Amino acid sequence: GRPMTIAWKQMAAFKWAPKEIAKEVLEDYMNDRTTMMAASFTEPNSGSDMLMPYDAPGVAGQVVAKKEGDEWVINGDKMFCPAGGVTNYITVMVRTDPKGPISKSMTQFIVDTRKPGWSINRVNDMMANEPVSNVQMHFENCRVPDKNRVSPVNGAFEVGKARLAGKSLHLFAHMGWAEREWENMRDYAKARIQGGVPIIQHNNVGMLIAETDCMLRNLRLQLYHDAWVWDQSGKGQMKDVLGWYYINWYSKRVLLRII
């Protein structure tokens, strides 16, 4: 639950965040059992394309932050943020240079959702692995102190490159869920008697057990290989994202097939 949430969503942010804000947020997290965290990249018109190599002005990043004194004022909408409706903190990547290429125009901030200027437009009905609400958010003159800035100004792309490695962690959770469901299915097939024998001995059932076991074994190998590639790439480096899309798709495919 909470430990996994902080692991996926904040590991990249707190590697970069100033010690002052990292200490404040982490102490809040440890002292308040209701504290949760989330991260928001996706926008209505650009998805998560800011992690892709479309390095041109206007391609992505329509949520804008402007500097006013010691604060940044954020305006715009974000989409598909898991836990955004119940979290106390959200790391948000926004554009701080309206005309520059995406890789040199984004800055990441930690937004305290208990402060004004932030609201939920809608809660999205999601199919799959959302244990908490997934929301669309609206920022209207949301003021964030500069001390809550995680990345260098216009330097959030380096933080974003590290995020896919963190997201890979939750694919191991997909595998865990899939394995648990497969074990339940296997054990039931061994215990259920039909025609005088356990149904696992029926060809149509036994082949399904075998098929999904093969899928699980293949998924495990892919995940281990993906973790090894990330480890070889070095901290904060982005490997070929196509490989991540392969295991992201396949892990969900395996889970859905077993279900």
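Residues numbered from 1 in each chain as written. Predicted model: local features only at pLDDT ≥ 70, side-chain atom pairs only at ≥ 80, totals over all residues. Heavy atoms only, no water.

**Student:** Could you clarify how one ought to interpret the overall build of the protein in this entry?
**Tutor:** Within the protein, the secondary structure is distributed over 5 helices and 9 strands. Shown N-terminal to C-terminal, the secondary structure of the protein runs as helices and strands in the order α-α-β-β-β-β-β-β-β-α-β-β-α-α. Counting across all 259 residues of the protein, residues that qualify as buried make up 46%. Considering only contacts in the protein between residues 6 or more positions apart, those separated by 24 or more positions represent 71%. A total of about 13600 Å² of accessible surface is found on the protein, and carbon and sulfur atoms cover 56% of it. (Helix = DSSP H or I, 4+ residues; strand = E, 2+ residues; numbered from the N terminus. Buried < 20%, exposed > 50% of the residue type's maximum accessible area, 1.4 Å probe, protein only. Contact = heavy atoms within 4.5 Å. Areas by Shrake-Rupley, 256 points an atom, 1.4 Å probe, with all protein chains shown as cover.)

**Student:** Any chance you could explain the environment of Lys-19 here in plain terms?
**Tutor:** Here Lys-19 lies in helix α2 (residues 19-31). Of the residues examined, Lys-19 reaches a relative accessible area of 77% and is grouped as exposed. Residues Lys-19 and Val-150, 131 residues apart in the sequence, show an inter-C-alpha distance of 9.9 Å.

**Student:** What exactly am I supposed to notice about the pattern of salt bridges here?
**Tutor:** Oppositely charged side chains can form a pair if their charged atoms are brought close together. Enumeration according to the criterion identifies 12 salt bridges in this entry. Between Lys-23 and Glu-27 there is a salt bridge; the shortest N-O distance is 2.7 Å. Of the two residues, Lys-23 and Glu-27 both sit in helix α2, 4 residues apart, roughly one turn of that helix. According to the relative accessible area criterion, Glu-27 is partly exposed, its value standing at 38%. When the shortest N-O distance is used, the salt bridge between Glu-71 and Arg-143 registers 3.1 Å. With Glu-71 in strand β3 (residues 71-82) and Arg-143 in strand β7 (residues 134-145), the pair connects residues that are 72 residues apart, well separated along the chain. Classification of Glu-71 as partly exposed rests on a relative accessible area of 30%. Shared partners join several salt bridges into a network, and the residues in it are Asp-28, Asp-112 and Arg-114. (Salt bridge = Lys/Arg side-chain N within 4 Å of Asp/Glu carboxyl O.)

**Student:** Explanation requested: the packing of aromatic side chains in the structure shown.
**Tutor:** This structure, assessed with the given rule, holds 3 aromatic pairs. Ring geometry for Trp-72 against Phe-109: centres 5.4 Å apart, planes inclined by 55 degrees, an arrangement best described as tilted. Here the residue Trp-72 occupies a position in strand β3, and Phe-109 occupies one in strand β5 (residues 106-112), the gap between them amounting to 37 residues. Considered together, Trp-72 and Phe-109 belong to a single accessibility category, that of buried residues. Taking NZ or CZ as reference, Arg-114 lies 5.0 Å from the ring centre of Tyr-89, over its face. (Phe/Tyr/Trp six-rings, centres within 6.5 Å; stacked < 30°, edge-to-face > 60°. Lys NZ or Arg CZ within 6 Å of the ring centre and 35° of its normal.)

The quantities given are spatial measurements derived from coordinates; they are silent on function.
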